[in-house]
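Each chain, letter by letter, is given below.
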Amino acid sequence: MAEELNVHLIDHPLIQHKLTLMREKETGTKDFRELLEEIAMLMTYEITRDFPLKDKAIETPVAKCTGKVLAGKKVGVQKDSSALAALEGDSKDLADTFGNLTQYADYNTAFMDLTAGAIDAVAIDIGVANYEIGQRGSGYKILDDYLSTEQYAVGFKLGNTELRDIVQKDMDALAKDGTVDKIAAVYADFGIPESLCIGKDQ
């Protein structure tokens, strides 16, 4: 069965105008990037037009009234990622509380929407999160709670126990003498030391 695509046609005059400016051969790199960011912002308004709302009682400087706010949190996640698998599996109850779960082709686009305010959070692997935030500076926060945990291993051809045992022996030795921890410390900004399971009691 062919995958059903959810296509949203955006033909806003401002987007068409800026797209034309961006495509002109005379447009420099700086202007191209600025126009791209402006188009992304405008697209956000169009794409989020039908997000559900709920009433919220507020008090203005003049009087009390009832306003509208978005219902539930808007969360982004990369398509076919382990984070999406977690939200569709063990953490489905959490995902059901979201106002909207948007799947992105890549996390760069998700972070653009996060910066623009189109979404409230991004569900992402801890290592990738640390890298992405490290590239963007302050203004982001990683929550203490995890959606799920998973382990990775080295695979060998079935029956090749000789090579498996050699590699396992060397990896155990590197973990025991502290080499693994030293290498991991180089990538501490990406959360690697906390992600390691080799040499640790499971």
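Residues numbered from 1 in each chain as written. Predicted model: local features only at pLDDT ≥ 70, side-chain atom pairs only at ≥ 80, totals over all residues. Heavy atoms only, no water.

### Focus on the pairing of strand β3 (residues 74-78)
Regular strands show a simple pattern: their side chains alternate between the two faces of the sheet. Across the 5 residues that make up β3, a large majority, 4, are buried. Sheet topology places β3 next to strand β4 (residues 100-104); 5 bridges connect them, and they run parallel. From the neighbouring strand, G76 faces β4, where its bridge partner is T102. Note that β3 and strand β5 (residues 121-123) share 3 bridges and pair parallel. Across the sheet, residue G76 finds its bridge partner in β5, namely V122. (Buried < 20%, exposed > 50% of the residue type's maximum accessible area, 1.4 Å probe, protein only. Helix = DSSP H or I, 4+ residues; strand = E, 2+ residues; numbered from the N terminus. Pairing = 2+ DSSP bridges.)

### With respect to the packing of aromatic side chains
If you walk through the whole model with that rule in mind, you get 1 aromatic pair. Between F111 and Y140, the aromatic rings sit 5.6 Å apart at their centres with planes inclined by 65°, giving edge-to-face as the arrangement. Of this pair, F111 sits in helix α5 (residues 107-116) while Y140 sits in the loop between α6 (126-136) and α7 (161-176), placing them 29 residues apart in sequence. (Phe/Tyr/Trp six-rings, centres within 6.5 Å; stacked < 30°, edge-to-face > 60°.)

### Some remarks on the environment of Y131
With respect to the secondary-structure elements, Y131 resides in helix α6. Along the chain, Y131 and D189 lie 58 residues apart, while their C-alpha atoms are 7.4 Å from each other.

### Quick look at the confidence of the model for the chain
Summarising the model, the chain shows a mean pLDDT of 84, and 95% of its residues fall at 70 or more. Mean pLDDT values over the elements of the chain span from 78, in helix α9 (residues 192-195), up to 93, in α7. (pLDDT = per-residue confidence, 0-100.)

### Re the packing of helix α1 (residues 13-23) against helix α2 (residues 29-47)
The angle between the axes and the distance between the axes are what describe a pair of packed helices. Where α1 meets α2, the closest approach of the two axes is 9 Å, and the angle between their N-to-C directions is 160°. With respect to their mutual orientation, α1 and α2 come out roughly antiparallel. Between α1 and α2 lies a crossing of left-handed hand. Residues L14, I15, K18, L19, L21 and M22 of α1 form the contact with α2, whose own contacting residues are F32, L35, L36, E38, I39, L42 and M43. Residue composition of the contact of α1 with α2, grouped by class: 11 nonpolar, no polar and 2 charged. (Axes fitted to C-alpha atoms, helices over the stretch in contact; angles between N-to-C directions. Parallel < 35°, antiparallel > 145°, perpendicular 65-115°, else oblique. Left-handed = near helix turned anticlockwise from the far one by under 90°. Contact = heavy atoms within 4.5 Å. Nonpolar A, V, L, I, M, F, W, Y, C, P; charged D, E, K, R; others polar.)

### Points about the side chain of S81
Tracing the chain through its elements places S81 in the loop between β3 and α3 (82-88). Among the residues examined, S81 registers a relative accessible area of 15% and is labelled buried. Looking at S81, its side chain comes within polar contact range of the main-chain oxygen of Q78, at 2.6 Å. (Polar contact = N/O pair within 3.5 Å; in protein donor to acceptor, adjacent residues only side chain to side chain.)

### Here we look at a nonpolar patch on the surface
A grouping of I183, V186, Y187 and I192 is seen on the molecular surface, where their side chains present a nonpolar patch of about 380 Å² in accessible area. Here I192 is to be found in helix α9. (Patch = residues over 30% accessible without salt bridge, like charges linked within 9 Å, V, L, I, M, F, W, Y side chains within 5 Å. Areas by Shrake-Rupley, 256 points an atom, 1.4 Å probe, with all protein chains shown as cover. Salt bridge = Lys/Arg side-chain N within 4 Å of Asp/Glu carboxyl O.)

### Digging into the pattern of salt bridges
Applying the stated criterion across every chain, the model contains 7 salt bridges. Across the pair D55 and K68 runs a salt bridge whose closest N-O atoms are separated by 2.6 Å. You can see D55 sitting in strand β1 (residues 53-59) and its partner K68 sitting in strand β2 (residues 64-70), a full 13 residues away along the chain. As far as the burial class goes, D55 and K68 line up, both exposed. The salt bridge involving D120 is made with K74; its shortest N-O contact spans 3.1 Å. Of this pair, D120 sits in the loop between α5 and β5 while K74 sits in strand β3, and the two are 46 residues apart along the sequence. The exposure class assigned to D120 is partly exposed, which follows from its relative accessible area of 37%.

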